[in-house]
Structures are given as C-alpha cells and as structure tokens.
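Survey of secondary and tertiary structure
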Amino acid sequence: MLNCNYNMSWNVRDIRHISLKWKLLIPFLFLSLTLTALLTTWSIRSQNRIFLEQEEKRLRQDYLEFQQRLQLKLDVSLAMAGVVASDPVTQRALAEGDREVLIEKYLPVYQHLSRVVGLKQFHFHQYPAKSFLRLHRQEQFGDDLAGYRATILEAYETGRLVGGLELGATGFGIRGVAPIYHQGRLVGSVEVGASIEEPFLQEIKADLGYQTILYLPADDRPQGVKLLASTTDQTFLAGELYQQVLRQDRSLFLTITRDEKNLAVLVGPIKDYQGRTAMLVEIIRDRGGIIFLIHKYTSLIILFGFSILVLAMLFVWLVSKLFLAPVYTLIHQAERIAAGARVPQMEVMVRDEFGALAEALNKM
C-alpha cells in the first residue's frame, strides 16, 4: 500500500520534467477535445429537439386539419337541413303528417348522398321532438327524442340552425338540425347527419397519410374510453393517457416504440356543439423517415466534429513546433558557450522574450 502511494507521488512529480512541447500540447489538445465534444453533443441534442418540435407541429397541424374536415361536414349538413326546411312541400307534408310525400321526394336524395358524401342520417321530427320519418331506417319512428337530443330542443327554442357532434338512436355523427315552420307555426324539424366513422377516417388516411382512432368517453370502461372507429387494429397508448386528456381537456403529444416501430402520437379532444368533449381523436404517424434523418445528420455532425478535432490537433502541433524552434536554437547556443567554444553572435530577429534571451547569450 505504501509502495503504491509512493509510486503515485513520484509519477505526479515526474510530470514536471516532461518536455516543454508536451506541456504546451497536452492542455491545448485537452481543450480542443473538450470543446469539440461539448459542441458535438450540443449540436446533436439541438438537432433532435428541432426534429421533435417539427414532428409535434406536424401532428398538431393534422389535428387542426381533422377538426376542419369535421367542420366542413357540419357546414354541409347544416346547409342541406336548411334547404330542406325551407321547401314548402316539406313544410306542408310534415304539418299534415304525410310520410309518403317526404319518402318520395327525399329518399332518392338520401340514397345518392349516402353513396357520394357518406350521409348517414336523414330524419324528420314532429313537434315536440317526436321521430316522424328516418329515411335511413324507415321502420323506426314514433319514439320520443326529447330526453337525449339537445340539438332538436335548441333548434325549437332558438328557431335557428343547430348542429354538431351528437349521439342519436342510430349512432354517433355530425348532425345539423333545422326547424320547420308551416304558415308561421312550428311543426317540427329536419336533421341531416354525416358519418365520421371508418369510411371518413379511411378517406383522411388516403389524403393525409396518417392513422386515426376515435374514442368516446366511457366511465364504465377501465381505460375511460371506448372505440368508435379506427383505421388500425390496435391501440397504442395506456388508459391513463386518455383519462389525462379527458381530465385536462387538452391535447397530448408523445413519441413511442411499438413492435419495433417508432411512432409519433397525438391525442386530442373533439368538442360537441355545446363545447363539451364529445370524443377523442388519436392521430398516429410513423417516425421511420424522421429517425433516418436523425441518424444521418448525427453521423454528419460526429464526422464534422472529428474533422475539426483533427485540424485543431494539427494546428496546435504546428504552433508548438514553431514556438519551440527558437528554444532549441538557444539551447544549442548555450551548450556551446558552456563548453567554452567561441560562437558567433546570434541574429536577434524579434523583440519578445526569446529575443531578450538571445541578446543575453550574445553578451555572454
């Protein structure tokens, strides 16, 4: 143990006796290595942060685009409901309770729009909030809607078009409701509903290239949500995250790895016409392209940092060599003087410390 301490102490003291060249090279090389490592690490981290910020920005743009498409469907539903409600034939048929007239007039329209734009509901109601005719399900009518169809009741109360996401007897969808008047008397309303389920999601996937999952809030489920529609056959997140989005009422972005796939995921709330969270949308994009770019630019940054380090080492070596060249000349001259040889005076080229030493040797 004592020998170990002695050897260590001797090695530390012995450093003082190394060449002046290494006394210059070691600190400057250490400084170059440290700065290069720090700058390379900072560059890689900054690059990764920028890529992540761009991914989040892209998914938030996808989230906004999804909401805009929902709004477009709602605008179309409201416009169609308004046109139907303003038709005198519709007004008279509903006031007289004539289902056949409405079927003859609007069933071909519903069938065509169902194929073309994914129309899901075409429903006439008699005041107060009683189902009169579902063109999408003609055998089901006469049921009371007042207990769960708030859009219909608000349309009656305000006399205006009302619409948004809402759950009805035939499913969840975007519904536009318009009140119908006949001779100044409120006789009922018409509802036009658009599908937001798998065909709608597949259309978005084809246009924008991302996977989408829709969930409805469900307090009776362990995850707090239940599946409404999806373009993929699996769920990627834990139930606590869906509950967090519902609780905080704001979107959540994160990156995950599932089955050796790197994914970027955003979960956000979708509001109904009253501003309450009606469902959650989960948007998923593959990060394969981003990961490739991250690895590519990380390799370039490391290569660039290594090149800078090599150049710095070469530069420090050249500087030390040029710096020590006069020292070796002075040492040689001093050794000749010490041996008693007569030497010619050295030419003083500079006025720095080496020049002063040369002049001192000339005086000797």
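Residues numbered from 1 in each chain as written. Predicted model: local features only at pLDDT ≥ 70, side-chain atom pairs only at ≥ 80, totals over all residues. Heavy atoms only, no water.

Looking at the packing of helix H3 (residues 88-96) against helix H4 (residues 99-117)
- Two elements in contact, H3 and H4, have axes separated by 9 Å at closest approach and are oriented at 150 degrees. Of the two possible hands of crossing, H3 and H4 adopt the one that is left-handed. Mapping the contact onto sequence places Val-89, Thr-90 and Ala-93 in H3 and Val-101, Leu-102, Lys-105 and Tyr-106 in H4.
- Across the contact of H3 with H4, the residue classes break down as five nonpolar, one polar and one charged. (Axes fitted to C-alpha atoms, helices over the stretch in contact; angles between N-to-C directions. Helix = DSSP H or I, 4+ residues; strand = E, 2+ residues; numbered from the N terminus. Left-handed = near helix turned anticlockwise from the far one by under 90°. Contact = heavy atoms within 4.5 Å. Nonpolar A, V, L, I, M, F, W, Y, C, P; charged D, E, K, R; others polar.)

A short note on the pairing of strand E1 (residues 119-126)
- Here E1 lies mainly inside the structure; seven of its eight residues are buried.
- Bridging between E1 and strand E5 (residues 185-194) involves seven bridges; their strand directions are antiparallel. From the neighbouring strand, His-125 faces E5, where its bridge partner is Ser-189.
- Pairing geometry for E1 and strand E2 (residues 130-134), over four bridges, is antiparallel. Residue pairing across strands places Gln-126 opposite Lys-130, the latter belonging to E2.
- Between E1 and E2, which pair antiparallel in sequence order, lie three residues; one of them, Ala-129, sits at a positive phi of approximately 55 degrees. (Buried < 20%, exposed > 50% of the residue type's maximum accessible area, 1.4 Å probe, protein only. Pairing = 2+ DSSP bridges.)

Quick word on the confidence of the model for the protein
- When the pLDDT values of the protein are averaged, the result is 83; 82% of them are 70 or greater.
- Confidence scores differ between elements of the protein, with helix H1 (residues 2-14) showing the lowest mean pLDDT of 49 and H3 the highest of 94.
- Note that residues 1-10 has pLDDT below 50 and, in this model, zero contacts with residues that lie over four places away or in other chains. (pLDDT = per-residue confidence, 0-100.)

Looking at helix H5 (residues 150-158)
- All buried positions along H5 are accounted for by Thr-151, Ile-152, Ala-155 and Tyr-156. The buried residues of H5 occupy one face: seen down the axis, they fall within an arc of 140 degrees.
- Once H5 finishes, Gly-159 follows within two positions and takes phi at roughly 70 degrees, a positive value. (Arc of directions from axis to C-beta.)

A few points about unusual backbone geometry
- The omega torsion of the bond from Tyr-127 to Pro-128 falls at 5 degrees, within 30 degrees of zero and hence cis.
- Mapping Pro-128 onto the fold places it in the loop between E1 and E2.
- With a phi close to 55 degrees, Ala-129 is a non-glycine residue in the positive phi region.
- When you line up the elements, Ala-129 lands in the loop between E1 and E2.
- Positive phi, close to 55 degrees, is recorded for Asp-249, a residue that is not glycine.
- Position of Asp-249 relative to the elements: it lies in the loop between helix H7 (239-248) and strand E8 (252-258).

A short note on the pairing of strand E10 (residues 277-286)
- Counted residue by residue, E10 has eight buried out of ten residues, so it is predominantly covered.
- For strand E6 (residues 211-217) and E10, the ladder comprises five bridges, and the chain directions are antiparallel. Note that in E10 the partner of Leu-214 across the bridge is Val-281.
- Sheet topology places strand E9 (residues 261-271) next to E10; nine bridges connect them, and they run antiparallel. Its bridge partner being in E10, Gly-268 is matched across the sheet by Val-281.

Comments concerning a nonpolar patch on the surface
- A cluster of nonpolar side chains, namely Phe-28, Leu-31, Leu-35 and Leu-38, defines an oily patch on the protein surface of about 400 Å² accessible area.
- Along the polypeptide, Leu-38 turns up in helix H2 (residues 20-85). (Patch = residues over 30% accessible without salt bridge, like charges linked within 9 Å, V, L, I, M, F, W, Y side chains within 5 Å. Areas by Shrake-Rupley, 256 points an atom, 1.4 Å probe, with all protein chains shown as cover. Salt bridge = Lys/Arg side-chain N within 4 Å of Asp/Glu carboxyl O.)

Section: the sheet that holds E9
- Sheet architecture is open: five strands sit in the order E7-E6-E10-E9-E8, paired in antiparallel fashion. In this open sheet, the two edge strands, each paired with only one partner strand, are strand E7 (225-230) and E8. In this sheet, adjacent strand axes meet at a mean angle of 30 degrees when their direction is disregarded.
- One ladder, built from seven bridges, connects E8 with E9; its direction is antiparallel. In the sheet register, Arg-258 faces E9, and the bridge partner there is Lys-261.
- The strands that H7 touches are E6, E7, E8, E9 and E10; relative to E10, the one it contacts most, it runs at about 130 degrees.

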